[in-house]
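Breakdown of the fold
The residues making up each chain are set out below.
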Amino acid sequence: MSDSLTISTPDGAFHAYVARPAITPAPVVIVIQEIFGLTEGIRSIADGWAREGYLAVAPDLFWRFKPGILLSEHSEEDWKQALDYYLRLDLDKAADDIEATIDAVRNLPGAGERVGVTGYCLGGLLTFITAARGKVDAAAEYYGSRTDEFVDRAKDSKTPLLIHLAGEDKFMDKAAIARIVDGLDTNPHVEIHVYEGRDHAFARPNGAHFHADDAARANARTRAFFREKLRG
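In this text the structure is predicted, and so the values were computed from the model without any measurement.

This part takes up the overall build of the chain. In terms of helices and strands, the chain carries seven helices and eight strands. Taking 232 residues into account, the globule formula puts the C-alpha radius of gyration at 17 Å, and the chain, at 16 Å, falls close to it. Each principal axis of the C-alpha distribution contributes one length, and for the chain these read about 45 × 45 × 35 Å. For the chain, with 232 residues in total, the buried portion stands at 55%. Partitioning the intrachain contacts of the chain with sequence separation of at least 6 by distance along the chain shows that 68% fall at a separation of at least 24. Carbon together with sulfur atoms contributes 49% to the accessible area of the chain, which is approximately 10300 Å² in total.

Spelled out as structure tokens, the structure:
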């Protein structure tokens, strides 16, 4: 079952997609969008977490540009527009919106005490930034471009953090991957997996670089991670 949630901030209000599990109370998983907005693919990922027994919530983080933006990765014009939004997005404001979502969800009927966050691409970067702030119980990032620029924020973070990186990511070169792996090597709360030979978006169904086997491996790791950190 799905519905929507309105979240208020000092700057205005925005909406989030909510997918509810069959049994509550349930731990919460916040699903963070890619650069294309709150697409059918992101909503389907939230639905999947609901089927796994989590209360899943996907906020519209482009609302400051325009509410309800939906773009296609298969359109060149949409790609240009998506990249424009990405480059103009205030990442810390977006992280504020994620925290506002977390605060709102904690008060929803059926929400358990623990909250995790996960995201892909832009959502992966915002997952990392949110984890570093320390207000979630667990975080699972998928190939967040520019994560290497923010590594220092998480060096001493106590938030359990699982990171999936693509070894041949066209948006993250080998040096950037090394900065992430080496920069977080001494943090015992961080677990990193690099999927050699994979390109950006290898774990998203219907993506141009989707790889079924490694997507399954990454997703199995994320499910086990959230079971331990959010249900354990």
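From this point, things continue past the structure.
Relative to the elements of secondary structure, Phe62 occurs in the loop between strand 4 (55–59) and helix 2 (76–88). By relative accessible area, which is 0% here, Phe62 ends up buried. Aside from chain neighbours lying at most four places away, what touches Phe62 is Gln33, Glu34, Ile35, Gly37, Ile69, Tyr85, Tyr86, Leu89 and Leu122.

Space inside the largest pocket adds up to approximately 630 Å³. Considering the residues around the largest pocket, the lining is formed by 25 residues, among which Gly41, Ser44, Ile45, Arg204 and Pro205 are closest to the centre. Take the lining of the largest pocket: its biggest share by element is eight residues, from helix 1 (residues 40–51). Among the residues forming the lining of the largest pocket, the class breakdown is nine nonpolar, nine polar and seven charged.

Another point: the UniProt feature "domain: Dienelactone hydrolase" (unreviewed entry) in the chain. UniProt tags residues 14–228 as "domain: Dienelactone hydrolase" (unreviewed entry). Regarding residues 14–228, the helix share stands at 39% and the strand share at 21%, and the terminal C-alpha atoms are separated by 31 Å.

Scanning the entire structure with this criterion turns up 23 salt bridges. Across the pair Arg20 and Asp3 runs a salt bridge, and its minimum N-O distance is 3.1 Å. Of this pair, Arg20 sits in the loop between strand 2 (12–19) and strand 3 (26–32) while Asp3 sits in strand 1 (residues 2–9); the two residues are 17 residues apart in sequence, bridging distant segments of the chain. With a shortest N-O distance of 2.9 Å, Arg88 and Asp84 are connected by a salt bridge. Here the residue Arg88 and the residue Asp84 both occupy positions in helix 2, the gap between them amounting to four residues, near one helical turn. The class for Asp84 is partly exposed, based on a relative accessible area of 30%. One network of salt bridges, in which partners are shared, links Asp92, Asp96, Glu99, Arg133, Lys135 and Arg153.

Of all hydrophobic cores here, the largest spans 53 residues; its most connected members are Ile30, Leu91, Val105, Leu122, Leu126, Ile163 and Leu184. When residues of this core are assigned to their parent elements, the largest contribution, seven residues, is made by helix 3 (residues 91–106). Here Leu184 is in contact with Phe128, Val151, Ala154, Lys155, Ile163, Val190 and Ile192, once residues within four sequence places are set aside. Counting residues in each nonpolar core, the second largest holds 29 residues, with Val29, Val31, Leu162 and Ala201 among its members.

About the cut-offs
Residues numbered from 1 in each chain as written. Predicted model: local features only at pLDDT ≥ 70, side-chain atom pairs only at ≥ 80, totals over all residues. Heavy atoms only, no water. Helix = DSSP H or I, 4+ residues; strand = E, 2+ residues; numbered from the N terminus. Rg over C-alpha atoms; globule rule 2.2 N^0.38 Å. Buried < 20%, exposed > 50% of the residue type's maximum accessible area, 1.4 Å probe, protein only. Contact = heavy atoms within 4.5 Å. Areas by Shrake-Rupley, 256 points an atom, 1.4 Å probe, with all protein chains shown as cover. 1 Å grid on protein atoms, 1.4 Å probe; cavity = no way out; pocket = protein on both sides within 12 Å on 5 of 7 lines; lining within 4 Å. Points joined across faces, edges and corners; volume = space filled by probe spheres on them. Nonpolar A, V, L, I, M, F, W, Y, C, P; charged D, E, K, R; others polar. UniProt positions renumbered as here; feature names shortened; annotations may be inferred. Salt bridge = Lys/Arg side-chain N within 4 Å of Asp/Glu carboxyl O. Core = buried A, V, L, I, M, F, W, Y, C linked by side-chain atoms within 4.5 Å.

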